[in-house]
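# Coordinates in review
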Amino acid sequence: MRLVSHLRRLFWPSLLLFFAAGMVIFDQAVERRVGVSLRLMGGIVCWLAAAWIGSRLFGLFADRRRRHKRPYPRLFRDLVTVLLFFAALVASAALLLDRGLLGALAGSSLILAVLGFAIRNVVADTLSGIALGIEAPYRIGDWVDIEQVTKGKVIEIGWRTTRVLTLDSTYMIMPNSQIARRRIINYSAPKPQYRAQLSLKLAQEVPVETAKALILKAVGEARLIQADPAPDVRVQELGSDSNSYAVRFWLSRFERDADCRDELLSLIDRALRQAKVPMPRMQIELARPGGKTMPPYDHEAELARIFPTPPGTARIEA
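Presented here is an overview of the structure given in this document. As the structure is a prediction and not an experimental result, all values here were calculated from the model. (Residues numbered from 1 in each chain as written. Predicted model: local features only at pLDDT ≥ 70, side-chain atom pairs only at ≥ 80, totals over all residues. Heavy atoms only, no water.)

On to unusual backbone geometry. Along the chain, A189 connects to P190 via a cis peptide bond; the corresponding omega equals 0°. For P190, the position within the fold is in the loop between β5 (184-186) and β6 (194-203). For the bond running from D228 to P229, omega is 0°, close enough to zero to count as cis. Backbone geometry places Q148, a non-glycine residue, at a positive phi of 60°. On the secondary structure map, Q148 appears in the loop between β1 (143-146) and β2 (150-157). Overall, Q148 belongs to the exposed group, its relative accessible area being 70%. Although it is not a glycine, K276 adopts a positive phi angle of roughly 55°. Residue classification places K276 among the exposed positions, given a relative accessible area of 74%. (Helix = DSSP H or I, 4+ residues; strand = E, 2+ residues; numbered from the N terminus. Buried < 20%, exposed > 50% of the residue type's maximum accessible area, 1.4 Å probe, protein only.)

Dropping the structure here:
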């Protein structure tokens, strides 16, 4: 059934191509009988039919790729079709005007230059869309982070705009020229799985091995993250007041990112409280100039200046 469907899509353009080729090949015989030359018409129809069958063949190739790999965006398929028919129109114009191919290209380029200046903003968005379609930094269904613009799922890629469904379920439409100037992070390529991490700070009094074992035990109870590859904990920095740790874990899909972070932070917080791990504290040393003693009144005033008491709260006496 699939082969029959493919042949049906190629039937009419192939038939038109053979008919046009027959008009060109048997032009002299037809002219002797009818008195009219069909060579020019046959050549034009032949170019258009060739563009038609070329676009259909590329469509079949794109559909076959869709079943095995990531599909081509519709923008790229439309671009191939437009280029094929544009080449056919240029060749047809060269036949009609009885000029060479270079002359037809020069005339069409002049027309395109005038139109491009008149609609330069639209052209900028369209050319950016063509570049994005060829390079394919993202495709429909990918989760992307466009620098300083938005973060979400790509719904549609058009000639001028790209439509993204944000994490807040907001439908955002952005010009392609704006996207092309930004840094793009694709969380769905080359695979939907990717590694994320959390940053934690624990008191310096807690030994590193104890802290890592405690965090790993808490993370092992998570259900939303992937068990393989297994999560791990790495020390980022040893400080005088606190030590920094990075909790690294793997996600199956980007849309689970917020839920996974919430689950991990909740589990780690519960484990730290049950183990009575002290929270990191900031240590501030007040130096007295010249070794002089400070009167109690001045001492209290200095503490009040550095640590102001919020309204409605009572100061804790040392």
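To continue, consider the side chain of S55. In this structure, S55 sits in helix α3 (residues 39-66). The exposure class of S55 is buried, given its relative accessible area of 13%. At 2.6 Å, the side chain of S55 forms a polar contact with the backbone oxygen of W52. What S55 contacts, discounting residues up to four positions off in sequence, is T81, L84 and F85. (Polar contact = N/O pair within 3.5 Å; in protein donor to acceptor, adjacent residues only side chain to side chain. Contact = heavy atoms within 4.5 Å.)

Further remarks concern the nonpolar core. The biggest cluster of nonpolar side chains holds 28 residues, and the ones touching the most others in it are I215, I225, F249 and I268. Elements represented by at least two residues in this core include exactly β6, α8 (208-219), β8 (242-251) and α9 (257-274). The next biggest cluster of nonpolar side chains, apart from the first, holds nine residues, and it includes I157, V164, M174 and I179. (Core = buried A, V, L, I, M, F, W, Y, C linked by side-chain atoms within 4.5 Å.)

Moving on, we come to the sheet that holds strand β7 (residues 232-238). An order of β6-β8-β7 is seen for the three strands of this open sheet, with the pairing classed as antiparallel. The open sheet has two edge strands, β6 and β7, and neither has a second partner. When strand polarity is set aside, the average angle formed by the axes of neighbouring strands in this sheet is 25°. By the bridge criterion, ten bridges tie β6 to β8 in an arrangement that is antiparallel. Considered in β8, the bridge of L198 is made with V247. Sheet strands touched by α9: β6 and β8. Its angle to β6, the strand with the most contacts, is close to 30°. (Pairing = 2+ DSSP bridges. Axes fitted to C-alpha atoms, helices over the stretch in contact; angles between N-to-C directions.)

Our focus in this paragraph is the packing of aromatic side chains. Applying the stated criterion to the full structure yields five aromatic pairs. Pairing W143 with F254 gives two aromatic rings, centres 5.5 Å apart and planes at 45°, and the pair type is tilted. Here W143 is found in strand β1, whereas its partner F254 is found in the loop between β8 and α9, with 111 residues between them in sequence. Each member of the pair, W143 as well as F254, carries the same accessibility label: buried. Following the ring pairs from residue to residue traces out a cluster consisting of W143, Y187, Y194 and F254. (Phe/Tyr/Trp six-rings, centres within 6.5 Å; stacked < 30°, edge-to-face > 60°.)

This paragraph deals with α8. Helix length check: α8 (twelve residues) gives 16 Å between terminal C-alpha atoms against 16 Å at 1.5 Å per residue, within 8%. Of all the positions in α8, only A211, I215, A218 and V219 are classed as buried. Each buried residue of α8 lies within a common arc of 100° when the element is viewed along its axis, so the set occupies one face. Away from its buried face by more than 90 degrees, α8 exposes E209 and K217. (Expected span 1.5 Å × (residues − 1). Arc of directions from axis to C-beta.)

A separate point is α9. Under the 1.5 Å per step criterion, the end-to-end length of α9 is 26 Å for 18 residues, consistent within 8% with the ideal 26 Å. In the stretch just after α9, K276 is the one whose phi turns positive, near 55°.

Any link to function would need more than the numbers given here.
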